[in-house]
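Examination of the molecular architecture
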Amino acid sequence: MRKLAIGIAASGALALTGLVAPAASAAATVPDLTFNGVTVNKGKAIVVGTTATVKVPVSYTLTRPSDVTIDYKTTFAGVMIYRGRLATLENTVEPDSAPACTTTATTATTVTQACTETLALAPEDSLFEAADATTWRAAGFYSQMDQDLDDSDGHISLGYDYNVWGPLGSGVQVKRAARLTADASPEPVTKGRTITVTGKLTRADWETGRYSGYASQKATLQFRAKGSTSYTTLKTVTSGTGGALKATTKATKDGYYRYVFAGTATTGSATATGDYVDVR
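All of the points below concern the structure found in this document. These numbers come from a predicted model, not from an experiment.

Time to look at the sheet that holds strand 3 (residues 34–40). Strand order in this open sheet of four strands is 3-5-9-8, and the pairing throughout is antiparallel. Every other strand in the sheet has two partners, leaving strand 3 and strand 8 (100–106) as the edge strands with one partner each. Direction aside, neighbouring strands of the sheet carry axes that sit 20° apart on average. Of the strand pairs in this sheet, strand 8 and strand 9 (residues 110–121) are connected by six bridges, and their pairing is antiparallel. In the strand pairing of strand 9, Thr102 is matched with Ala114.

Structure representation (structure tokens):
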């Protein structure tokens with residue numbers, strides 16, 4: 001199925017079969033649809049890097065009039081996420097395929113279904129600027145499309161109606177993925193001597209498609225002794241220019257050093273791979 005385009009709401013036009021079609025001149029009857037219990041990504045933040053597409057599960061309950069047909073050929077319904085206001089959308093992500101719905105209740109006039117769908121957040125297609133790292137809202141939509149593509153190529157007719165309900169649920173945070181490194185030296189080291197642990201904190205830049213330094217952020221230096229399964233925190237440092245990290249500590253025993261970044265409102269957490277130091 002084609003991507004369920006919300007573009008008409010944002011720009012007043014809809015791309016169909018490679019053409020741009022205006023919205024229908026007369027609005028169709030708005031169906032009485034209700035979206036309840038909308039949960040995006042199981043209530044967790046969505047963390048996106050620069051290349052990999054992140055699959056986001058969405059679940060909800062849809063109640064519709066029993067005489068309203070949703071066939072995902074000419075009529076569509078589902079849940080999208082958006083940034084901004086419904087009237088002035090700044091960005092949207094909609095499902096690329098029909099949801100999986102199971103009927104849970106029926107009455108003489110309504111049908112209730114439990115539905116699940118997947119939103120695909122591809123950084124090159126869905127996220128374009130730092131402002132996208134914020135709280136997004138969920139909205140339910142229903143669209144109806146009519147088209148008559150004359151085989152003689154002498155005339156075509158395209159009509160489109162779109163209805164959106166929102167915001168739904170508590171919203172979901174979209175964050176930039178972070179990366180963290182750690183390098184302890186010298187290796188090996190004499191017991192009691194100073195060890196210097198350097199590293200770098202970077203985060204996804206959706207505008208450039210690369211990771212860039214994340215300065216002025218707190219990171220903790222941690223140590224895990226050889227044979228142990230847990231890390232202990234030694235100190236907290238602040239990232240400098242380009243996300244550079246540097247801390248010193250005394251060598252006491254063999255073990256691993258790493259940095260840990262807890263994350264921020266706009267950026268996901270990160271943990272460096274532990275760097276082993278042999279103390280002699």
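All right, on to the pattern of salt bridges then. One pass over the structure, following the stated rule, counts four salt bridges. Where Asp278 meets Arg280, a salt bridge forms, and the shortest distance between an N and an O atom there is 3.0 Å. Under the relative-accessibility criterion, Asp278 is labelled partly exposed at 25%. What emerges from the salt-bridge pattern is a single network uniting Arg83, Glu90, Glu129 and Asp132.

Now for the packing of aromatic side chains. By convention here, two paired aromatic rings are described through the distance between centres and the angle between planes. The final tally for this structure, using the stated rule, is seven aromatic pairs. When the ring of Phe141 is compared with that of Tyr162, the centres are 5.8 Å apart and the planes differ by 15°; the resulting orientation is stacked. Of the two residues, Phe141 is situated in strand 10 (residues 135–149) and Tyr162 in strand 11 (residues 156–176); the sequence distance between them amounts to 21 residues. Here Phe141 falls in the buried class, since its relative accessible area comes to 0%. Here the aromatic rings of Phe223 and Tyr257 are separated by 4.7 Å at their centres, their planes lie at 45°, and the arrangement is tilted. In this pair, Phe223 sits in strand 16 (residues 218–225) while Tyr257 sits in strand 19 (residues 255–261), placing the two residues 34 residues apart along the sequence. Here the aromatic cluster, defined as three or more aromatic residues joined through ring pairs, consists of Phe35, Tyr60 and Trp165. Its guanidinium or amino end placed over the ring of Tyr211, Arg179 lies 3.8 Å from that ring's centre, counting from NZ or CZ. If you follow Arg203 out to its NZ or CZ, it ends over the ring of Tyr214, 3.7 Å from the centre.

Conventions and cut-offs
- Starting from 1, residues in each chain are numbered consecutively following that chain's sequence as written.
- Reporting in this predicted model follows two pLDDT cut-offs: at least 70 for local features of residues, and 80 or more for side-chain atom pairs to be given and counted; totals over whole chains, interfaces and linings ignore these cut-offs and use all residues.
- For the side-chain quantities, the full set of heavy atoms in the structure was used; hydrogens and water were omitted.
- Two strands form a pair only when DSSP identifies at least two bridges running between them.
- Helix numbers and strand numbers start at the N terminus; a helix is a DSSP run of H or I with at least 4 residues, a strand a run of E with at least 2.
- An axis is simply a line fitted to the C-alpha atoms; with a helix, the fit covers only the stretch in contact. Between two such axes, the angle follows the N-to-C directions and lies from 0 to 180 degrees.
- By definition here, a salt bridge exists when the distance from a side-chain nitrogen of Lys or Arg to a carboxyl oxygen of Asp or Glu is within 4 Å.
- Relative accessibility under 20% of the residue-type maximum defines a buried residue, over 50% an exposed one, and the middle range a partly exposed one, all with a 1.4 Å probe and only protein chains included.
- Aromatic pairing here means that ring centres of Phe, Tyr or Trp (its six-membered ring) are within 6.5 Å. Orientation follows from the plane angle: under 30 degrees is stacked, over 60 is edge-to-face, and everything else is tilted.
- Geometrically, a charge over a ring is one whose NZ (Lys) or CZ (Arg) sits within 6 Å of the ring centre while staying within 35 degrees of the ring normal.

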